[in-house]
Amino acid sequence: MAQPAMDGTTIAYACLALLAAHLLAKWYMDPLRRIPTVGGPSLPLLSYLAARKFARSSDEVLQEGYDKYQGTAFKVAMPNRWLVVVSGPEGVEDIRRRPDSDLSIVDGFNELFQTELILGKDLNENRWHVDVIKSSLTRNLPSILPELLDELPHAVQDNIRCEDGWAAVNILPTMINTVARLSSRVFVGLPLCRTEPYLRLAIRFTAARMKDANIMKLIPPILRPIAVPFLNNSRSALVEARTFMEPLIQARRADMERFGPDWQNRPNDLLQWYLEEATERGTPDEAVPARVFVTNFAAIHTSALSIASALYDLAAHPESVAPLRAEVEQITTSDGWTKAALEKMWKVDSFLRESQRSKTVARFALTRVATKDMTLVDGTFIPRGTLITAAIAPAHRDQKHYQCADVFDPFRFSRAREETGIGATQAFTHTSGKWLAFGHGKHACPGRFFAADELKALLAYMVMNYDVKLDGTQQRASTLVDAVRSKILVRKRKAG
Ligand code: HEM
């Protein structure tokens, strides 16, 4: 007797069963399965629940993993892949020590920002702007400080309007505008740093790049090259950036040719250093605006969030104002507003660092991709291609590293400096396995010394020239997002 032919429903069920078996087998064979998952289930498909939880409550999930697996790695789900997170200083030091040929920062950043597909292979792989920031910008900090200080009052006064007494100020947008302008003074100089549409674009580029990257990550890798032409937010911003910068670059080129290498009055800014580096590398000038804009991407929002958070803390802790004012007044009276004076402002430095500690700006540091199979210091095996990182906030709130870690103690780091006489390890810019605000090791944030000068000068200026307070009805914010979304009351300080 002839067997009845399988109907469509049976075929569909058979296919589904095969797919489920395939996913289960893949999951079972995956070496990452052995690494504990935090935030939800790790089973195929169900792991999307974990990814949803991680997207909505990243900080809570990371803290839970850190507390539960102290010292060993755990993993969290992202929509497109697993992220392995090391916890504890040994895990961080393990990542730091490994060479780029084992753990690739280029691939790590590319995974986060999808740079190669969206902005091109050159920008992703030849990160010479990092070397220029590390060398020229950092070396020239004393000579650019006068420029920064010249811009400071204009940048603040144009963004904080409080001529008639107390004014409610949205701190984050105000500080984004202020920092964009201050940084641009050092990155591209006058008059571009005061050109509103240019500044709007420099600020908008961050959101545009993140939007493109986040959409790209939701698309299966094989289809991404097809999707690229439709993701145009950051590339169109760069086209606009070129139109702003082209006349300036042409004028600089003309002067470079006219005066040659001995050009005495060459501009002392990042654009000039980038142009000189581009000349040496034979890189065309058209590529330089993108370098300035990826620097804006790294510099503006990170620094603005840091100072916005510090200003919130200042308003929430009025008892810190007098010691800060006394320090700034005493040091600037004896040393003037110099780089050496900024170095001596331990309390200002400590305030910024404590603000970073209690409300960390960046979520991850030392994000890398494994280029080979390896076993981490805690015995965790990770296969080639694994995305690995360190979570910053839980390390900064670890009671083992900080006494009364839950308390905002503005001068904990300056006190430690005074008590131990050891300055460098307590400074805002210092990095270690326990202090990750700027990453750690050879790839730690190259702009942190500039950020420290900019933010210390800005905080010192605010303290000396303005009063800040919370509106009496406000609830105290405990997270970075709540703090920087608040309004604080600001007024010009009365003379004397
Ligand atoms: C308070 C402000 C800032 C914070 C919190 C911050 C934080 C960070 C962090 C966490 C990293 C990743 C390090 C790692 O993965 O190990 C990083 C990288 C980077 N930062 Fe910053 N940053 C700040 C300001 C700046 C500024 C002002 C600049 C430029 C002048 C800058 C330029 C960069 C660059 C170019 C990288 C990539 C480094 C590389 O590719 O090797 N950052 N930053």
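Residues numbered from 1 in each chain as written. Predicted model: local features only at pLDDT ≥ 70, side-chain atom pairs only at ≥ 80, totals over all residues. Heavy atoms only, no water.

(A) Seen up close, the overall build of the protein chain. In terms of regular secondary structure, the protein chain is built from 22 helices and 10 strands. In terms of overall size, the protein chain behaves like a compact globule, its C-alpha atoms giving a radius of gyration of 25 Å where 496 residues would be expected to give roughly 23 Å. Considered along the principal axes of its C-alpha atoms, the protein chain spans approximately 105 × 60 × 45 Å. The buried share among the 496 residues of the protein chain stands at 53%. Put simply, the protein chain shows about 23200 Å² of open surface, and 57% of that area lies on carbon and sulfur atoms. (Helix = DSSP H or I, 4+ residues; strand = E, 2+ residues; numbered from the N terminus. Rg over C-alpha atoms; globule rule 2.2 N^0.38 Å. Buried < 20%, exposed > 50% of the residue type's maximum accessible area, 1.4 Å probe, protein only. Areas by Shrake-Rupley, 256 points an atom, 1.4 Å probe, with all protein chains shown as cover.)

(B) Representation of the site of the ligand within the structure. For the ligand, the set of nearby residues contains 28 residues, the closest of which are Phe109, Arg127, Ser306, Leu366 and Cys445. Between Arg127 and the ligand, the recorded distance is 2.2 Å, taken from a side-chain N or O atom to an oxygen atom. Here an oxygen atom of the ligand sits 3.0 Å away from a polar atom, N or O, in the main chain of Leu366. Mapped by element, the contributors of at least two residues to the shell around the ligand are helix H5 (105-113), helix H8 (128-139), helix H15 (288-316), strand E5 (364-370) and helix H21 (448-465). (Near = heavy atom within 4 Å. Polar contact = N/O pair within 3.5 Å; in protein donor to acceptor, adjacent residues only side chain to side chain.)

(C) Inspection of the packing of H15 against helix H18 (residues 346-358) at higher detail. Contact geometry of H15 with H18 gives a least axis separation of 9 Å together with a crossing angle of 100°. Considering the angle they form, H15 stands roughly perpendicular to H18. The residues of H18 that touch H15, namely those facing Ser306, Ile307, Ser309, Ala310, Asp313 and Leu314, are Phe351, Leu352, Ser355, Gln356 and Ser358. Each residue belonging to the contact of H15 with H18 can be placed in one class, and the counts come to 5 nonpolar, 5 polar and 1 charged. (Axes fitted to C-alpha atoms, helices over the stretch in contact; angles between N-to-C directions. Parallel < 35°, antiparallel > 145°, perpendicular 65-115°, else oblique. Contact = heavy atoms within 4.5 Å. Nonpolar A, V, L, I, M, F, W, Y, C, P; charged D, E, K, R; others polar.)

(D) Structural view of unusual backbone geometry. The amide bond that connects Leu190 to the next residue, Pro191, takes the cis arrangement and shows omega of 0°. Within the secondary structure, Pro191 sits in the loop between helix H10 (171-187) and helix H11 (196-218). With phi around 55°, Leu366 is a residue other than glycine that occupies positive phi space. Of note in this structure, Cys404 is not a glycine but carries a positive phi near 45°. Relative to the elements of secondary structure, Cys404 occurs in the loop between helix H19 (392-396) and helix H20 (412-420).

(E) Summary view of the coordination of the iron atom of the ligand. One donor from the polypeptide reaches the iron atom of the ligand: Cys445 (SG), at 2.3 Å. Here Cys445 lies in the loop between H20 and H21. (Donors = N, O, S within 2.8 Å, 3.2 Å for Na, K, Ca; no water.)

(F) Local environment of the packing of aromatic side chains. Under the counting rule described, the total for this entry stands at 16 aromatic pairs. Between the aromatic rings of Tyr198 and Phe293, the centroid separation amounts to 5.8 Å while the plane-to-plane angle is 85°, which identifies the pairing as edge-to-face. Here Phe293 lies in helix H15 and Tyr198 lies in helix H11, a separation of 95 residues in the sequence. As far as the burial class goes, Tyr198 and Phe293 line up, both buried. Measuring from centroid to centroid gives 6.5 Å for Phe205 and Phe297, while their planes differ by 75°, and the two rings are edge-to-face. In this pair, Phe205 is assigned in helix H11 and Phe297 in helix H15, connecting sequence segments 92 residues apart. The class for Phe297 is buried, based on a relative accessible area of 11%. Through successive ring pairs, a cluster of aromatic residues spans Phe109, Phe113, Tyr198, Phe205, Phe244, Phe293 and Phe297. Lying over the aromatic face of Phe297, Arg209 brings its terminal NZ or CZ to 4.3 Å of the ring centre. One cation-aromatic arrangement involves Arg353 over Phe413; the distance from NZ or CZ to the ring centre is 4.4 Å. (Phe/Tyr/Trp six-rings, centres within 6.5 Å; stacked < 30°, edge-to-face > 60°. Lys NZ or Arg CZ within 6 Å of the ring centre and 35° of its normal.)

(G) Representation of the packing of H10 against H15 in the model. In contact at an axis separation of 8 Å, H10 and H15 are set at 135° when each is read in the N-to-C sense. Relative to H15, H10 is oriented oblique. Crossing of H10 over H15 shows right-handed handedness. For the pair formed by H10 and H15, the contact residues are Ile171, Leu172, Met175, Ile176, Val179, Ala180 and Phe187 on the first element and Thr295, Asn296, Ala299, Ile300, His301, Ser303, Ala304, Leu305, Ile307, Ala308, Leu311 and Tyr312 on the second. (Left-handed = near helix turned anticlockwise from the far one by under 90°.)

(H) Expanded view of the sheet that holds strand E9 (residues 466-469). Ordered by their spatial adjacency, 3 strands build an open sheet running E4-E10-E9, and the pairing between neighbours is antiparallel. The sheet is open, and its two borders are formed by strand E4 (167-170) and E9, each paired with just one other strand. Strand-to-strand, the axes of this sheet are offset by a mean angle of 40°, without reference to chain direction. Bridge count for E9 against strand E10 (residues 487-492) is 4 bridges, and the pairing is antiparallel. Bridged to Val468 within E10 is Val490. Relative to the sheet, H15 contacts E9 and E10, its axis offset from that of E9 by approximately 75°. (Pairing = 2+ DSSP bridges.)

(I) Quick peek at the pattern of salt bridges. Scanning the model with the defined rule gives 33 salt bridges in all. Across the pair Glu111 and Arg81 runs a salt bridge, and its minimum N-O distance is 3.0 Å. Linking Glu111 in helix H5 with Arg81 in the loop between strand E1 (74-77) and strand E2 (82-86), this pair joins segments that are 30 residues apart in sequence. Residue Glu151 is joined to Arg181 by a salt bridge in which the shortest nitrogen-to-oxygen separation is 2.7 Å. Residue Glu151 is located in helix H9 (residues 141-159), and its partner Arg181 is located in helix H10; the two are separated by 30 residues in the primary sequence. Residue class for Glu151 comes out buried when judged on its relative accessible area of 0%. A single network of salt bridges, built from pairs that share partners, joins Glu147, Asp150, Glu151, Asp158, Arg181, Arg185 and Arg194. (Salt bridge = Lys/Arg side-chain N within 4 Å of Asp/Glu carboxyl O.)

(J) The arrangement of the side chain of Thr389 in detail. Along the polypeptide, Thr389 turns up in strand E8 (residues 387-391). On the accessibility criterion, Thr389 (0% relative accessible area) is buried.

(K) Examining H20 more closely. Along H20, the positions that sit buried rather than exposed are Arg412, Phe413, Ser414, Ala416 and Arg417. In the core, the buried residues of H20 are packed alongside helix H17 (339-344) and H18.

(L) Broad picture of the environment of Asp67. Structurally, Asp67 is set in helix H3 (residues 58-68). Overall, Asp67 belongs to the partly exposed group, its relative accessible area being 46%.

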